[in-house]
Amino acid sequence: MVAERDRLIDRGLTVVTGVTALLLVLFAFFGVQRRWLPPELGLLIAVVCFTAGGIRLARLPYARRVDAALEGQFRTQDTARPDLAALGAFSRRPAPRVAAVVFGLVIAALLGWPAGMQRLQAMVTTGLTALAAPLLVAATSMAVLYCLVVLIGPWGAIRLGGPDATPGYTLPSYLALVFTAGIAAGIVLWGPAEALVHTQRPPPHAGVAPGTTPAAVTGVATSFIHWGITAWAAYAAISVPLAYAVFNRDAPLRLASAVVPDAPAAAPVARLVDGVGLLAIIGGIATSLALVADQFVRGAAVSFGIGGSPVDRAVVVAAILLVATVTAVTGVHRGVRRLAAVTVAVFALVWAVVLTLGPTGEMLSLAGAGTLEYLRTLPAASVRTDGAWVLAWPVYNWAWWFSWAPFAGVFTAAISRGRTLRAVVAASVLATAGVTVVWFAVMGPAAIVTLGDVPVGAAAVVGFELLGALPAGGLLSVALLALIMLFMITSADAAALVLATVDPQTDAATVPTAVVGWAVLLAVVTIAVAVTGGAATLQALTVMTGVPIAAVALVAMGSSVVWWRRREGSERSLVRAVLERLPRVPTYHDLYR
């Protein structure tokens with residue numbers, strides 16, 4: 001009775017905290033808009049309230065344990081707390097020191113050699129993508145075929161952890177965790193912007209005039225290609241082999257286990273693969289956080305007149321990483337899972353409101369035509385490697401998705417114990433890509449119909465311009481700002497857990513301390529990049545890691561197929577499983593036997 005009363009009190013306090021924080025956020029934004037508050041004070045109040053609400057939700061006690069979910073991975077005990085005195089020992093570990101040196105050199109170059117770094121960015125964007133285009137296109141195409149084989153073939157019935165293993169999370173929680181960790185806030189930025197950009201500047205190979213209806217259809221279809229099944233399959237190319245190696249071959253949870261599951265941690269190949277993955281995780285999260293901070297302050301400036309100084313960006317980054325650190329320390333089963341559920345709820349709410357308040361008929365018509373065009377052009381788009389536009393858009397996007405694959409793949413693998421390989425692919429590719437395409441199918445056409453004649457300036461503010469043109473635009477803009485922060489929190493907390501777990505010197509007792517240490521490193525790198533304005537350059541450098549990760553993914557997929565062919569099992573293909581469930585039709589011999 002006492003425990004139940006305490007839980008009710010905690011939940012009541014959480015509701016009160018959430019409502020109070022929401023009211024203060026609304027007061028802050030609309031107070032600045034009506035000149036009741038100075039812009040900087042309004043932004044500070046809003047960010048503090050977001051932070052307080054997120055931390056309160058993350059620290060809410062949970063009613064039931066899910067300790068069997070990961071068998072020690074990605075969990076922190078209720079009694080475990082970060083040992084601040086141990087942070088000194090953490091900073092002397094090889095992995096954090098190497099990461100600090102590498103990104104310290106990058107930041108120093110951004111400060112002392114800005115023109116040279118911009119040239120390097122241009123060289124990477126054009127030269128490296130041109131050289132690596134065949135590899136990246138081959139890797140994405142093979143990833144799609146690999147997922148199809150797992151989905152419909154007999155290997156898809158293999159259960160991670162053995163025949164008797166059970167999932168540690170419900171299916172809705174699992175889907176929310178996989179989706180929110182892997183997509184980040186890019187979906188909020190490019191959902192309304194990408195289709196509009198391609199409508200006004202369509203791909204040269206499409207052969208359509210800018211600003212026309214065929215260009216709009218091409219724009220919607222192009223956004224589906226860049227964010228649909230092909231993109232999400234890049235994550236599965238890492239997560240599926242890694243999950244099998246971890247839960248069915250007793251390999252450690254690290255990126256190298258997808259390729260060399262039996263190699264010791266000190267093996268050169270394992271250290272190389274893990275090192276590239278670690279740098280890709282830090283670079284990808286830091287870049288996304290810096291870009292999201294810019295989008296947040298730009299959106300606040302467009303919607304409410306709140307300033308967009310480098311200090312504002314630093315405040316936003318610090319708030320996101322503070323909440324992410326707290327949620328990561330509480331564990332996947334508490335803070336991470338709850339924030340993921342809230343993110344999905346806000347995501348669905350914004351989508352439903354735009355669908356309802358926007359030009360619904362025109363949006364759905366354009367989305368339907370775009371879907372048909374997507375299905376028609378997907379095979380050719382999946383193998384196209386020539387042309388400046390192809391290198392700047394799809395090939396660059398494939399490299400960016402693969403640069404995130406170490407983080408998203410490791411996280412998805414770690415929470416997949418107890419599920420079949422078919423269920424992992426269905427959740428991490430089909431479901432996530434479906435939700436992504438549904439979002440783009442509403443936000444993209446809505447922006448085209450509403451803002452079609454307005455030249456696209458900064459992609460970061462297209463969503464705010466769209467919502468500002470709808471009824472209750474101010475409230476929708478607040479929801480979009482909250483959604484931006486939530487998506488980055490759910491990616492950053494998962495990244496901190498991944499970084500802490502893949503470090504071979506981290507054990508279950510020191511996970512909270514390692515989470516704090518990696519979060520501090522992420523904060524320093526991100527704030528430095530945001531203040532110096534070097535997010536685009538760091539993004540280009542991070543994309544460089546996507547090329548070797550694509551090669552790792554090809555080897556991982558091939559290795560897993562070899563493992564499965566050698567094992568003995570009686571798993572059924574999806575086709576056979578469906579046929580066996582169908583009612584049997586009596587034959588002539590059955591009737592007259």
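This structure is a prediction, so every number in the text was calculated from the model and none was measured.

Some points on the overall build of the protein chain
Helix and strand counts for the protein chain stand at 21 helices and zero strands. For the protein chain, buried positions account for 56% of its 593 residues. For the protein chain, the proportion of contacts with a sequence separation of at least 24, taken over those separated by at least 6, is 83%. For the protein chain, the exposed surface amounts to about 23900 Å²; the carbon and sulfur share of it is 67%.

Focus on the environment of Ala482
You can see Ala482 is positioned in helix H17 (residues 473-502). Put simply, Ala482 and Ala46 are 436 residues apart on the chain and 9.7 Å apart in space, counted from C-alpha to C-alpha.

Quick look at unusual backbone geometry
In this model, Asp250 sits at a positive phi of 60°, which is unusual for a non-glycine residue. Secondary-structure assignment places Asp250 in the loop between helix H9 (229-248) and helix H10 (268-304). Even without a glycine there, the phi angle at Ala472 is positive, about 60°. The exposure class assigned to Ala472 is partly exposed, which follows from its relative accessible area of 47%.

Looking at the packing of aromatic side chains
What the rule picks out here adds up to 19 aromatic pairs. Here the aromatic rings of Phe179 and Trp232 are separated by 6.1 Å at their centres, their planes lie at 20°, and the arrangement is stacked. Of the two residues, Phe179 is situated in helix H6 (residues 171-183) and Trp232 in helix H9; the sequence distance between them amounts to 53 residues. Of the two residues examined, Phe179 and Trp232, each falls in the buried class. Ring centres 6.1 Å apart and planes at 20° place the aromatic pair Tyr244 and Trp563 in the stacked group.

Description of the confidence of the model for the protein chain
On average, the protein chain scores 85 in pLDDT, and the residues at 70 or more come to 87%. This model gives residues 63-73 a pLDDT under 50, and the stretch forms 20 contacts once residues within four places in sequence are excluded. Under a pLDDT of 50 for its full length, residues 75-79 has, in the predicted model, 13 contacts with residues more than four places off or in other chains.

As for the pattern of salt bridges
Across all of its chains, the model carries five salt bridges by this definition. The partner of Arg254 in a salt bridge is Asp274, and the shortest N-O contact between them spans 3.8 Å. With Arg254 in the loop between H9 and H10 and Asp274 in helix H10, this pair connects stretches of sequence that are 20 residues apart. Judged on exposure class, the residue Arg254 and its partner Asp274 are both buried. Across the pair Glu373 and Arg376 runs a salt bridge whose closest N-O atoms are separated by 2.8 Å. Separated by three residues within a single helix, Glu373 and Arg376 lie in helix H13 (residues 360-383), roughly one turn from each other. What makes Glu373 buried here is its relative accessible area of 18%. Salt bridges sharing common partners tie together Asp294, Arg298 and Arg313.

With respect to a nonpolar patch on the surface
Together, Met142, Leu145, Leu148 and Ile152 make up a nonpolar patch on the protein surface, roughly 360 Å² of accessible area in all. Among the structural elements, Leu145 can be located in helix H5 (residues 114-152).

Scoring rules and cut-offs
Residues numbered from 1 in each chain as written. Predicted model: local features only at pLDDT ≥ 70, side-chain atom pairs only at ≥ 80, totals over all residues. Heavy atoms only, no water. Helix = DSSP H or I, 4+ residues; strand = E, 2+ residues; numbered from the N terminus. Buried < 20%, exposed > 50% of the residue type's maximum accessible area, 1.4 Å probe, protein only. Contact = heavy atoms within 4.5 Å. Areas by Shrake-Rupley, 256 points an atom, 1.4 Å probe, with all protein chains shown as cover. Phe/Tyr/Trp six-rings, centres within 6.5 Å; stacked < 30°, edge-to-face > 60°. pLDDT = per-residue confidence, 0-100. Salt bridge = Lys/Arg side-chain N within 4 Å of Asp/Glu carboxyl O. Patch = residues over 30% accessible without salt bridge, like charges linked within 9 Å, V, L, I, M, F, W, Y side chains within 5 Å.

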